Amino acid sequence: MSAEEIEAVFYGVATVGERGQIVIPAKARRQLGVQPGDKLLVLGHPSGRALTIARVADFLRFAE
């Protein structure tokens, strides 16, 4: 993966708050069209070392 490709998908760092909440960086929300009220699906990697987040509506379209 080139440096340009990495920059295109690296949106920054999110910190987990005391209540377990994270803030998705604004650049990611803008580029990916994530809006307030969107339902997000959180999936864990089998290794237990990574998370993937996707809009539920997009995941359901993909699953069809």
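Residues numbered from 1 in each chain as written. Predicted model: local features only at pLDDT ≥ 70, side-chain atom pairs only at ≥ 80, totals over all residues. Heavy atoms only, no water.

Enquirer: Is there a simple way to think about the environment of Lys 39 in this case?
Expert: Its location among the elements puts Lys 39 in the loop between helix H2 (26–32) and strand S1 (40–44). For Lys 39, a relative accessible area of 64% gives the class exposed. It is 10 Å that separates the C-alpha atoms of Lys 39 and Ile 53, two residues lying 14 residues apart in sequence. When sequence neighbours within four positions are dropped, the list of residues in contact with Lys 39 reads Ala 54, Arg 55 and Val 56. (Helix = DSSP H or I, 4+ residues; strand = E, 2+ residues; numbered from the N terminus. Buried < 20%, exposed > 50% of the residue type's maximum accessible area, 1.4 Å probe, protein only. Contact = heavy atoms within 4.5 Å.)

Enquirer: Looking at this structure, I do not really get the pattern of salt bridges. What am I missing?
Expert: Side chains that carry opposite charge are capable of pairing whenever their charged atoms lie near each other. Counting across every chain of the model gives 2 salt bridges. The closest approach of N and O atoms between Arg 61 and Asp 58, which form a salt bridge, is 2.3 Å. Placement of both Arg 61 and Asp 58 in helix H3 (residues 56–63) is noted, with a separation of 3 residues, approximately one turn of the helix. Take Arg 61: its relative accessible area is 53%, and that puts it in the exposed class. (Salt bridge = Lys/Arg side-chain N within 4 Å of Asp/Glu carboxyl O.)

Enquirer: Quick question: what am I supposed to make of the layout of surface pockets here?
Expert: To locate leftover empty space, one rolls a probe as large as a water molecule over the atoms. Approximately 400 Å³ is the volume attributed to the largest pocket. Forming the walls of the largest pocket are 18 residues, and the residues nearest its centre are Tyr 11, Ile 24, Ala 28, Leu 32 and Ile 53. At the level of elements, H2 and strand S2 (51–55) are the ones that each hand at least two residues to the lining of the largest pocket. Each residue belonging to the lining of the largest pocket can be placed in one class, and the counts come to 15 nonpolar, 1 polar and 2 charged. (1 Å grid on protein atoms, 1.4 Å probe; cavity = no way out; pocket = protein on both sides within 12 Å on 5 of 7 lines; lining within 4 Å. Points joined across faces, edges and corners; volume = space filled by probe spheres on them. Nonpolar A, V, L, I, M, F, W, Y, C, P; charged D, E, K, R; others polar.)

Enquirer: I keep staring at the environment of Val 16 and nothing clicks. Help me out?
Expert: In this structure, Val 16 sits in the loop between helix H1 (3–9) and H2. Residue classification places Val 16 among the exposed positions, given a relative accessible area of 56%.

Enquirer: I'm lost on a nonpolar patch on the surface in this one. Help?
Expert: Together, Val 16, Ile 22, Leu 40, Val 42, Leu 51 and Ile 53 give the surface a local cluster of nonpolar side chains, amounting to about 540 Å² of exposed area. Looking at the nonpolar patch, the elements that each hand over two or more residues are S1 and S2. Relative to the helices and strands, Leu 51 resides in strand S2. For Leu 51, a relative accessible area of 63% corresponds to the exposed category. (Patch = residues over 30% accessible without salt bridge, like charges linked within 9 Å, V, L, I, M, F, W, Y side chains within 5 Å. Areas by Shrake-Rupley, 256 points an atom, 1.4 Å probe, with all protein chains shown as cover.)

All we've got here are geometric facts, nothing functional implied.
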